[in-house]
Amino acid sequence: MISFINVDLELNKKPVFTNLNLTVQHGELLYIVGRSGSGKSTLLKSMYMDIRPKKGEIHIAGYNSRTIKNREIPLLRRKLGIVFQDFRLLEDRSVYDNLAFVLKVTGTKEKLIKNSVMQALESVGLQDAAREMPFRLSGGEQQRVAIARALVREPLVILADEPTGNLDPDTSLEILEYLKKINQKGIIVVVGTHDYELVRHSPSRTLLIEGLNIHETSIEPSLTGFRPTGKTA
Ligand SMILES: Nc1ncnc2c1ncn2[C@@H]1O[C@H](COP(=O)(O)OP(=O)(O)OP(=O)(O)O)[C@@H](O)[C@H]1O
Ligand SMILES: [Mg+2]
């Protein structure tokens with residue numbers, strides 16, 4: 001479970017959120033939408049404690065932003081899988097080694113590494129690409145590798161910041177299908193996106209950032225594109 005209790009977040013002394021209260025339950029797939037600069041990335045960063053609240057507290061994966069020590073932040077992040085728009089793969093290592101690296105740094109035994117890596121690749125349909133170099137793969141495939149890498153430590157939560165931002169519409173939907181499959185295994189998935197069509201394709205709980213706060217919303221089609229409407233509270 002993730003919870004925000006009376007949280008103020010600011011960047012360079014500029015408030016981005018004030019008095020944010022939010023709960024994400026086990027097994028939820030949550031979208032965070034809002035226009036560019038509204039604070040989607042900031043909100044996700046606060047979940048992996050790259051940004052700490054000015055006020056209030058954030059609870060995630062058994063840690064509390066108010067009491068977590070700096071040296072514990074890597075331990076928190078081991079329980080989270082983080083996915084970015086630009087994939088962030090190690091270009092000089094194979095797909096296999098990109099995933100294995102994550103486990104090696106925490107001292108996992110070689111045999112366990114192999115099983116975990118192959119299982120994670122299988123969950124995104126890339127078991128046959130283990131020996132490929134990332135640059136030989138398409139953007140969509142590279143993002144699937146990044147998702148597998150996020151999964152390899154069996155996280156409680158996947159945080160994805162514009163995971164489809166660099167991909168065409170069909171590939172975006174494919175990526176979303178993988179994220180949904182992961183979510184169905186019981187992992188919380190939080191997706192920050194400005195792609196309303198993606199949300200409309202696979203509706204789930206959606207939070208719209210407006211000003212310094214967040215509202216539950218629903219995404220409905222409109223003549224000029226897909227816009228968030230139906231703000232409730
Ligand atoms: N490192 C930073 N220092 C100061 N201000 C920042 C920093 N990063 C972002 N901001 C500001 O914080 C606000 C929220 O930015 P954020 O990147 O979270 O928005 P976003 O919704 O993710 O936007 P986008 O859709 O463009 O990714 C913006 O006003 C932005 O200019
Ligand atoms: Mg962003």
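Cut-offs and rules
Residues numbered from 1 in each chain as written. Chains lettered and ligands numbered in written order. Predicted model: local features only at pLDDT ≥ 70, side-chain atom pairs only at ≥ 80, totals over all residues. Heavy atoms only, no water. Helix = DSSP H or I, 4+ residues; strand = E, 2+ residues; numbered from the N terminus. Rg over C-alpha atoms; globule rule 2.2 N^0.38 Å. Buried < 20%, exposed > 50% of the residue type's maximum accessible area, 1.4 Å probe, protein only. Near = heavy atom within 4 Å. Polar contact = N/O pair within 3.5 Å; in protein donor to acceptor, adjacent residues only side chain to side chain. Areas by Shrake-Rupley, 256 points an atom, 1.4 Å probe, with all protein chains shown as cover. Nonpolar A, V, L, I, M, F, W, Y, C, P; charged D, E, K, R; others polar. Phe/Tyr/Trp six-rings, centres within 6.5 Å; stacked < 30°, edge-to-face > 60°. Lys NZ or Arg CZ within 6 Å of the ring centre and 35° of its normal.

### So, the overall build of the chain
So, step 1. In terms of regular secondary structure, the chain is built from seven helices and 11 strands.
So, step 2. A compact globule built from 233 residues should have a C-alpha radius of gyration of about 17 Å, and the chain, at 18 Å, falls within 12% of that.
So, step 3. Counting only C-alpha atoms, the chain reaches 50 × 45 × 30 Å along its principal axes.
So, step 4. In the chain, which comprises 233 residues, the proportion classed as buried is 49%.

### Comments concerning the site of ligand 1
So, step 1. Close contacts around ligand 1 come from Leu 11, Asn 12, Lys 14, Arg 35, Ser 36, Gly 37, Ser 38, Gly 39, Lys 40, Ser 41, Thr 42 and Glu 162, and that covers them all.
So, step 2. In the environment of ligand 1, an oxygen atom lies 2.5 Å from a nitrogen or oxygen atom belonging to the side chain of Lys 14.
So, step 3. At 2.5 Å from an oxygen atom of ligand 1 is found a side-chain nitrogen or oxygen belonging to Thr 42.
So, step 4. When the free accessible area of ligand 1 is taken as 640 Å², the share hidden by the protein chains comes to 62%.
So, step 5. For the shell around ligand 1, the leading source of residues is helix 1 (residues 40–47), giving three residues.
So, step 6. Taken together, the residues that form the shell around ligand 1 break down as one nonpolar, seven polar and four charged.

### Points about the packing of aromatic side chains
So, step 1. By the definition in use, this model includes one aromatic pair.
So, step 2. Between Tyr 48 and Phe 84, the aromatic rings sit 6.4 Å apart at their centres with planes inclined by 90°, giving edge-to-face as the arrangement. Taken as a pair, Tyr 48 in the loop between helix 1 and strand 4 (55–60) and Phe 84 in strand 6 (residues 80–84) lie far apart in primary sequence, 36 residues in all.
So, step 3. The residue whose ring lies beneath Arg 88 is Phe 84, and the NZ or CZ to ring-centre distance is 3.8 Å.
So, step 4. Taking NZ or CZ as reference, Arg 131 lies 4.8 Å from the ring centre of Tyr 96, over its face.

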